[in-house]
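Chain by chain, the residues run as shown.
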Amino acid sequence: MCKTVKFGGSSLADAAQFQKVKDIILADDARRFVVVSAPGKRYKGDDKITDLLYECQSLAQSGAPFDHVFGRIERRFLQIRDRLGLSVDLEAKLSDIRHILENGASPDYAASRGEYLSALLMADYLGFPFVDASELICFHDDGTYDDETTQSRTRALKKLDRAVIPGFYGKRRDGSVRTFSRGGSDITGAIVARATESTLYENWTDVDGFLMADPHIVPDARVIDTVTYSELRELSYMGATVLHEDSIFPVRKARIPINVRNTNRPSAKGTMIVPDGQSTPDKSCPLTGIAGSRGFTVITLQKDNLHAEPAYAYRVLGILARHNVIVECMPSGIDTISIVASDAALRGKMDAIYHDILTDCSPDTVEIASCIALVASVGIGMVRTKGVAANLFSALADAGINVRIIDQGTSEMNLIVGVEQRDFEKAIKAIYRRFV
Ligand code: ASP
């Protein structure tokens, strides 16, 4: 039995957090591969080590002194080491890093040192071998992730009994350090879980799990017990955030479940993210989660007998494709077609798109409505369950909300409604209260 465990920055913020992490790891012999982030915030308003490292690099690059910032990084790491009574020669490592920063280190190199030092300390504390991520995680010269080479390098992990590995970074073929995007230690954890054929990937953070709705909107939102990869994907796409989006793919392919757990409350079961088909829908609540985002625009084309014109939708979509705009959904009627896209995707392109629509599609009218929010209700429990849509729409009607767009994926697992932006939070609350 083998588990890969990844601990986020808040789980490693100081010596007391390191201690909790050690207790968690030693409580289960199967927790053999440990991936760590850099120390995060200890309290609201505190610094994340990664942010301080980026700051040092940018000061150094502009020729400004960075000692005052680097000193804060040094103190954080030395305090953890000394409070835990460890013997890692951090002074030498820190002085090397300072020297490299002075001599034109890249932002990626600078940021990666947080995870590097954090893993050195954790390896010493646990008595596990340290394996540098730069020996395992590979990037192409253009900076994109190289999964093939990574898979062949990480095979070596299978021969080890235990290891601590820094998250977030790897190296290019030329030897330079490259990081994933922010929060990328989640991806390292998933890659290690796949390479070690772990039976479970535990992702330890500072929340009890994945919540059914944004707690800023539904303060008492329930923790989701089990969610499938597909459901999670739908929820993340619509704005829910817990794990780095890309962290799913290595374990999803290998059908390894992820368990999101709380380092500060290890007794909580957390959320299990399981391969499709391995979750039994909850009969009493067909919804697994609700997520949504503001900031969408609907472009509606109206033309008499539009449905009889061959390839009309093809022409409309061609325009959006030419302008590199991703279409979220495309509700249509006999004489109308609507395109829903995010304001961000349309920014600076609207006039040109409008012009192309008039010339290529000759509509009778074009209407553009902005300030639309999309709310997705997701759940495998909705599939072939009667009355879910009726219940959802009556909840919205009872809350006095007008539904502007309806879109149900053919998988029946996701029902998206578009509402006026001002009704966004009201809609999520209304749906949550009706189903939970
Ligand atoms: N330390 C990095 C960050 O703050 C990566 C991570 O924690 O996953 O984004």
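Look up: the structure comes first, before these words.
Not measured: the values here are computed from a predicted model.

Draft legend 1. Region of the structure containing the side chain of aspartate 108. You can see aspartate 108 is positioned in helix α5 (residues 107-126). Residue aspartate 108 is classed as buried on the basis of its relative accessible area of 12%.

Draft legend 2. Seen up close, the site of the ligand. As a matter of local geometry, the ligand sits amid Ser37, Lys48, Thr50, Glu115, Phe168, Arg182, Gly183, Gly184 and Ser185. Take glycine 184: an N or O atom from its main chain is 3.3 Å from an oxygen atom of the ligand. A distance of 3.0 Å is found between an oxygen atom of the ligand and a side-chain nitrogen or oxygen belonging to serine 185. Considering the ligand on its own, with 260 Å² of exposed area, one finds that the protein chains cover 92% of that surface.

Draft legend 3. Looking closely at the nonpolar core. The biggest cluster of nonpolar side chains holds 63 residues, and the ones touching the most others in it are Phe7, Val34, Met122 and Ile165. When residues in this core are grouped by element, the largest group, 11 residues, is from α5. Setting aside its immediate chain neighbours within four residues, valine 34 contacts Val5, Phe7, Ile25, Leu126, Phe128, Ala163, Val164 and Ile165. Core analysis: the next-biggest nonpolar cluster, separate from the first, contains 52 residues, Val251, Cys285, Val388 and Val419 among them.

Draft legend 4. Representation of the packing of aromatic side chains within the structure. According to the stated counting rule, one finds seven aromatic pairs in the structure shown. Arranged with centres 6.1 Å apart and planes meeting at 70°, the rings of phenylalanine 139 and tyrosine 145 form a pair that is edge-to-face. Phenylalanine 139 sits in the buried class, given a relative accessible area of 2%. The class of tyrosine 145 is buried, set by a relative accessible area of 19%. Look at tyrosine 145 and phenylalanine 180: their rings are 5.6 Å apart centre to centre, the planes differ by 55°, and that puts the pair in the tilted class. In this pair, tyrosine 145 sits in the loop between β3 (138-139) and α6 (147-154) while phenylalanine 180 sits in the loop between β6 (177-179) and α7 (185-195), placing the two residues 35 residues apart along the sequence. Judged by its relative accessible area of 9%, phenylalanine 180 falls in the buried class. We note arginine 113 situated over the ring of tyrosine 116; from NZ or CZ to the ring centre the distance is 4.4 Å. Here arginine 113 stacks its cationic end above the ring of tyrosine 169, 5.3 Å away from the centre of that ring.

Draft legend 5. Inspection of the pattern of salt bridges at higher detail. By the definition in use, this model includes 31 salt bridges. Between aspartate 29 and arginine 162 there is a salt bridge, with the nearest N and O atoms lying 3.3 Å from each other. Residue aspartate 29 is located in the loop between α1 (15-26) and β2 (31-36), and its partner arginine 162 is located in the loop between α6 and β4 (163-166); the two are separated by 133 residues in the primary sequence. With relative accessibility at 61%, the residue aspartate 29 sits in the exposed group.

Draft legend 6. View of the sheet that holds strand β10 (residues 271-274). The seven strands lie next to each other as β4-β2-β1-β7-β9-β10-β8, forming an open sheet whose pairing is mixed. Only two strands of the sheet have a single neighbouring strand rather than two, namely β4 and β8 (226-228). Between one strand axis and the next, the sheet turns by 20° as a mean value, whatever way the strands run. Sheet analysis places β8 next to β10, joined by three bridges and oriented parallel. By the bridge assignment, threonine 228 is partnered in β10 with valine 274.

Rules behind the numbers
- Think of each chain on its own: its residues are numbered from 1, step by step along the sequence as written.
- Side-chain atom pairs in this predicted model are given and counted only at pLDDT of 80 or more, local residue features only at pLDDT of at least 70, and totals for whole chains, interfaces and linings cover all residues.
- Based on all heavy atoms of the structure, the side-chain values leave hydrogens and waters out of the count.
- Helix numbering and strand numbering both begin at the N terminus, where a helix is a DSSP run of H or I of at least 4 residues and a strand a DSSP run of E of at least 2.
- Burial classes: relative accessible area under 20% of the type maximum marks a residue as buried, over 50% as exposed, and values in between as partly exposed (1.4 Å probe, protein chains only).
- Neighbouring residues are identified by heavy atoms, a residue being near a molecule or strand if any of them is within 4 Å of it.
- Here a polar contact means two N or O atoms within 3.5 Å. Within protein one must be a hydrogen donor candidate and the other an acceptor candidate, and residues neighboring in sequence count only if both atoms are side-chain atoms.
- For the accessible areas, the method is Shrake-Rupley and the probe is 1.4 Å, while residue cover comes only from the protein chains on display.
- We define a nonpolar core as any set of buried Ala, Val, Leu, Ile, Met, Phe, Trp, Tyr and Cys residues linked to one another through side-chain atoms lying within 4.5 Å.
- Only heavy atoms enter the contact rule, under which two residues are in contact if any of them lie within 4.5 Å.
- Pairing of aromatic side chains here covers Phe, Tyr and the six-membered ring of Trp, requires ring centres within 6.5 Å, and sorts the geometry by plane angle: under 30 degrees stacked, over 60 edge-to-face, intermediate tilted.
- Think of it as a cone above the ring: NZ of Lys or CZ of Arg counts as a charge over the ring if it is within 6 Å of the ring centre and within 35 degrees of the ring normal.
- Put simply, a salt bridge is a Lys or Arg side-chain nitrogen that is within 4 Å of an Asp or Glu carboxyl oxygen.
- For two strands to pair, DSSP has to find at least two bridges joining them.
- Structural elements are reduced to axes, namely lines fitted to C-alpha atoms, with helices fitted over the stretch in contact, and the angle between N-to-C directions of any two is expressed from 0 to 180 degrees.

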